[in-house]
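Structure assessment
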Amino acid sequence: LWDTATWEEPVLLPLATRVYCFSPDGKLIAAGTNEMVKGRSTNAVEVWDAMTGQHLLTLRGHRGRMRCLCFSPDSRQLASGGDDGQVKIWDAMSGEEVRTLANSSGTVVALDFSSDGKWLVACQGKFDQAEIVLWDMASYEASRRLKGHKSRLASVRFSPDGTRLVSASDKE
């Protein structure tokens, strides 16, 4: 964890991770761990205090490698996705699982909340069956499924004002 005022590393988080994110208020860091411990994958989300490096929560529930994390704009919820095809919504303060959104047919590779927190978008699926799913966060229902990419999806983001959505795939 680098301090951008001094470019020193004041806090070292003891993680083996490839996916992480800051909460919008800057107080929390979430990291998806994919460590092998005694031959088993841990597949957990670890939540840390961004200022002190104190470990706060371990969120367990995914059955495969973690691929993406995203905090809601108010920093109160955390979404996670991965190889098990599930999108999980967590209470970022208590660590309780709020909801598992319907399983997809493949890996969830990217997540993003709209700036007003009303929508969560997920890139999910397998290669030519990939889709972008827009989740209504009030009902936790899939509102829209967007298809059109011909190769594996890589990322998706809302514009800051929430009026546009951009997506990218590996080969297009």
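As a starting point, this report considers the structure included with it. (Residues numbered from 1 in each chain as written. Predicted model: local features only at pLDDT ≥ 70, side-chain atom pairs only at ≥ 80, totals over all residues. Heavy atoms only, no water.)

Turning to its location among the elements, Trp90 is positioned in strand 9 (residues 87-91). On a C-alpha basis, the gap between Trp90 and Val45 in space is 9.9 Å, while along the polypeptide they are 45 residues apart. Not counting the four nearest positions on each side in its chain, Trp90 is found in contact with Leu59, Arg60, Gly61, Arg76, Gln77, Leu78, Ser80, Gly95, Glu96, Glu97 and Val98. (Helix = DSSP H or I, 4+ residues; strand = E, 2+ residues; numbered from the N terminus. Contact = heavy atoms within 4.5 Å.)

Strands pair in a sheet through their backbones, by hydrogen bonds, and they do so in one of two ways: parallel or antiparallel. Within the open sheet, the four strands sit side by side as 7-8-9-10. Their pairing is antiparallel. Where the open sheet ends on each side, the last strands, each with one partner, are strand 7 (66-71) and strand 10 (97-101). Adjacent strand axes in the sheet meet at a mean angle of 20°, parallel and antiparallel pairs treated alike. Pairing geometry for strand 7 and strand 8 (residues 77-82), over five bridges, is antiparallel. Considered in strand 8, the bridge of Leu69 is made with Ser80. (Pairing = 2+ DSSP bridges. Axes fitted to C-alpha atoms, helices over the stretch in contact; angles between N-to-C directions.)

For the rest of this paragraph, the subject is the pattern of salt bridges. A full pass over the atoms with the stated rule returns four salt bridges. A salt bridge links Arg157 to Asp112; the nearest nitrogen and oxygen atoms lie 3.6 Å apart. Here Arg157, found in strand 15 (residues 153-158), pairs with Asp112, found in strand 11 (residues 108-113); they are 45 residues apart in sequence, far enough to count as distant. Between Glu131 and Arg145 there is a salt bridge whose closest N-O contact spans 2.7 Å. On the criterion of sequence distance, the pair formed by Glu131 in strand 13 (residues 131-136) and Arg145 in strand 14 (residues 141-146) is long-range, its members being 14 residues apart. Given the relative accessible area of 45%, Arg145 is considered partly exposed. (Salt bridge = Lys/Arg side-chain N within 4 Å of Asp/Glu carboxyl O. Buried < 20%, exposed > 50% of the residue type's maximum accessible area, 1.4 Å probe, protein only.)

Take the pairing of strand 5 (residues 44-49) next. Counting buried positions along strand 5 gives five out of six residues, so the element sits mostly inside the fold. As judged from the six bridges shared by strand 2 (residues 28-33) and strand 5, these two strands associate in the antiparallel manner. Residue pairing for strand 5: Thr33 is matched across the bridge by Ala44. Note: strand 5 against strand 6 (residues 55-60), five bridges, orientation antiparallel. Opposite Ala44, over in strand 6, you have Arg60 as the bridge partner.

The sheet built from four strands is open, its strands ordered 11-12-13-14 with antiparallel pairing. The outermost strands of the open sheet, each flanked by one partner alone, are strand 11 and strand 14. Pairwise comparison of adjacent strand axes, ignoring direction, gives a mean angle of 20° for this sheet. Examined bridge by bridge, strand 11 and strand 12 (residues 119-124) share five bridges and lie antiparallel to one another. The partner of Asp112 across the bridge, within strand 12, is Val121.

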